[in-house]
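# Secondary and tertiary structure notes
Residue strings, one per chain:
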Amino acid sequence: METATTTSNRTFTTQIAQLNPVQKPLVTIGIIAAIVLFTITVVVTGWTQGVLFIIGLAFGITLLHARFGFTSAFRRLTSVGNVQGMQAHMLMLAVASILFAIILGTGFSFTGGSPSGYVFPVGMSVVFGSFLFGIGMQMGNGCASGTLYNVGGGKASLFITLFGFIVGSVIGAYHFTWWMDTPSFGAVSLATDTGLGYFGGVALQLLIFAGIYGITVKVAKKKNPPKMEPLPTTTGLKKLVRGSWPLLVAAVVLAVLNAITLSVRGNPWGITSAFALWGSKVLMALGIDVSSWGYWSGSTEALQTTVLADSTSVMNFGIILGSFIAATAQGSFKPKMFKPGVAASSLIGGILMGYGARLAFGCNIGAYFGGIASFSLHGWVWMIMALIGTYLALFIRPLFGMKNPNPKDSIC
C-alpha cells in the first residue's frame, strides 16, 4: 500500500484512500461532448486537428489526475522550500529535452512537416513579461495549464482567471509591436547557436537539470519543509481512471505528450496564443479591426476562419474536457463559492498572465516547458523571472485573503 512515508528529500504524492463515487451522469456528458467535438473537428478541419484534440484530452486527464502544478510548485519552493514540484519539473524537462533533441535533430514528423521548437529572442519583453506572469499565476491561483484543467475540474474562481487571461492576452497583442522594439539579444538556442548540436545541447541541459535537482535536495535537507498532501488513489487498473497519479509519473507522461505534439503539429505544446485569438475574434465581432495590429501581421487568416482550425484552441478544448471527464470519474467535480477577494485577485492575476505571456513569447507551457525543451535560452530566463515574480506575489496574496504555505504547517 502506498503511503505518505517520507525519505530524506521526497515523499509519495499519492496514498490509498476511499474515493468519492463516480459522477456517472457528468462523465457521460463529458464523453459525449468529447466525441461530438472530435467528430466536428475532423469533419471541418481534418484528421490532424482531431488527433491534436485527443492529445489535448490526454493532457487534461494527466494534469487533473496528478494535480500537476506549476503555480503551486513555484509557490511551495519560494515560500517554504518544498521542492517536490520543482523536482518533478526537472524530470519532465529532462525527458522532454531528450525526446525533442531526437525529433528536432532528425526532423521526425508524423504529418510530413518540418518540426521546429520554440526558440525566441531574449530581451526586455521576456524579462518583464515572465516577471508579470509569475505574479499573475500566484494571484490567479493557476498558470495557463492550471487554469484550463481547473476550469474543467470545476474550480469556480478559475473561470474568472480564464476571463482575465483572455483580456490580458488581447491587450498584450495590441501592445506587442511596441514591446518588440525594446532591447533584445535575439534568439539563442543552446543546441544550434552554441556549436554543441542537439547531442551536446542535451548533455548540457541534463547537467543543468542534475545541478538544480541536487540543489533542491540540499534545500529540502536544510529547511525540512512541510510535504505536499498526498492525493487519494486506489489500486490496479482503477488507478488509471479513478485514482490520483504520482507526480513523477505525470511528469514523464507530460514530456512524452509534448514530444508527440511536436511530431504531429510541428511545434511544441502551447496554450495562450489561443486566448489572444478568442479575445480578438470577439473584438472583431464588435466591429474593431484587430487585423491591423502587428501581432496579427502575416496570420490574419486565423481571425477569419473557425477556431477549430487553430491547433492550440483545439488542444485547449481537449484539456478542459479531458480534465472534466477525469474529475467526474473521480467524483471531485464540485464547484464551490469563493470570496470577493479571491475573485478580484483571480481577475487581476489572469490579466497579468495574459499580458505577460504575449510579451514573453509564451507561458509556463510555451515558454518554460516548450522553450527549455527546445533548448531556448529564453525558457531559462522565463523560469528565473517567474520565480522572482512568484516571490513578490507571496506578499500580495494575503492582501486578497489568500494564504501561503507556512514552515510550521504539517502539509502544504
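This report concerns the structure included in the present document. (Residues numbered from 1 in each chain as written. Predicted model: local features only at pLDDT ≥ 70, side-chain atom pairs only at ≥ 80, totals over all residues. Heavy atoms only, no water.)

## What about the overall build of the protein?
Defined as follows: Put simply, DSSP H or I for four residues or longer makes a helix, DSSP E for two residues or longer makes a strand, and each gets a number counted from the N terminus. Remark: exposure states derive from per-residue accessible area (1.4 Å probe, protein chains only) relative to the maximum for the residue type, with buried under 20%, exposed over 50%, and partly exposed in between. Residue contacts are counted whenever heavy atoms from the two residues lie within 4.5 Å of one another. Only four residue types enter the tally: Lys and Arg on the positive side, Asp and Glu on the negative side; His and the chain ends are excluded. Where a charge lies is defined by one atom per residue type, namely NZ (Lys), CZ (Arg), CG (Asp) and CD (Glu).
Helix and strand content of the protein: 16 helices and four strands. Here the C-alpha coordinates of the protein stretch approximately 55 × 50 × 45 Å along the principal axes. Per-residue burial for the protein yields a buried fraction of 55% across its 412 residues. Residue pairs in contact within the protein that sit at least 24 positions apart in sequence constitute 81% of those at least 6 positions apart. If you average the places of the 23 positive and of the 8 negative side-chain charges in the protein, the two averages end up 18 Å apart.

## Some details on a nonpolar patch on the surface
The line we're drawing: By definition, no residue in a patch forms a salt bridge, and every one has over 30% relative accessible area; like charges are joined within 9 Å, nonpolar side chains (Val, Leu, Ile, Met, Phe, Trp, Tyr) within 5 Å. All accessible areas in this document rest on Shrake-Rupley with a 1.4 Å probe, and a residue is counted as covered only by the protein chains that are shown. Take a side-chain nitrogen of Lys or Arg and a carboxyl oxygen of Asp or Glu: if they are within 4 Å of each other, that pair is a salt bridge.
A grouping of Leu91, Phe108, Phe110, Leu248, Val252, Val256 and Ile260 is seen on the molecular surface, where their side chains present a nonpolar patch of about 540 Å² in accessible area. The dominant element in the nonpolar patch, judged by the number of residues it contributes, is helix 10 (residues 247-265), at four residues. With respect to the element layout, Phe110 can be found in the loop between helix 4 (84-106) and strand 2 (121-123). Under the relative-accessibility criterion, Phe110 is labelled exposed at 54%.

## Here we look at unusual backbone geometry
With a phi close to 45°, Arg67 is a non-glycine residue in the positive phi region. Following the sequence through the fold, Arg67 ends up in the loop between helix 2 (47-66) and helix 3 (71-80). Using a relative accessible area of 28% as the deciding quantity, one classes Arg67 as partly exposed. Phi at Asn141 is positive, roughly 60°, even though this residue is not glycine. Tracing the backbone shows Asn141 in the loop between helix 5 (124-139) and helix 6 (144-153).

## Some points on the environment of Val217
Along the chain, Val217 turns up in helix 8 (residues 197-223). In the structure, Val217 is positioned 175 residues away from Val42 in sequence and 47 Å away in space, judged by C-alpha atoms.

## Comments concerning the side chain of Arg397
Tracing the backbone through its elements, the reader meets Arg397 in the segment after helix 16 (377-396). Not counting residues within four places of it along the chain, the set of residues in contact with Arg397 comprises Arg75, Gln138, Asn141, Met402, Lys403 and Asn404.

## Examining the environment of Thr177
Note on placement: Thr177 falls in helix 7 (residues 157-180). A relative accessible area of 38% means that Thr177 is categorised as partly exposed. Through-space distance from the C-alpha of Thr177 to that of Trp293 is 7.8 Å; in sequence the pair is 116 residues apart. In contact with Thr177, not counting residues within four places along its chain, are Gly294 and Tyr295.

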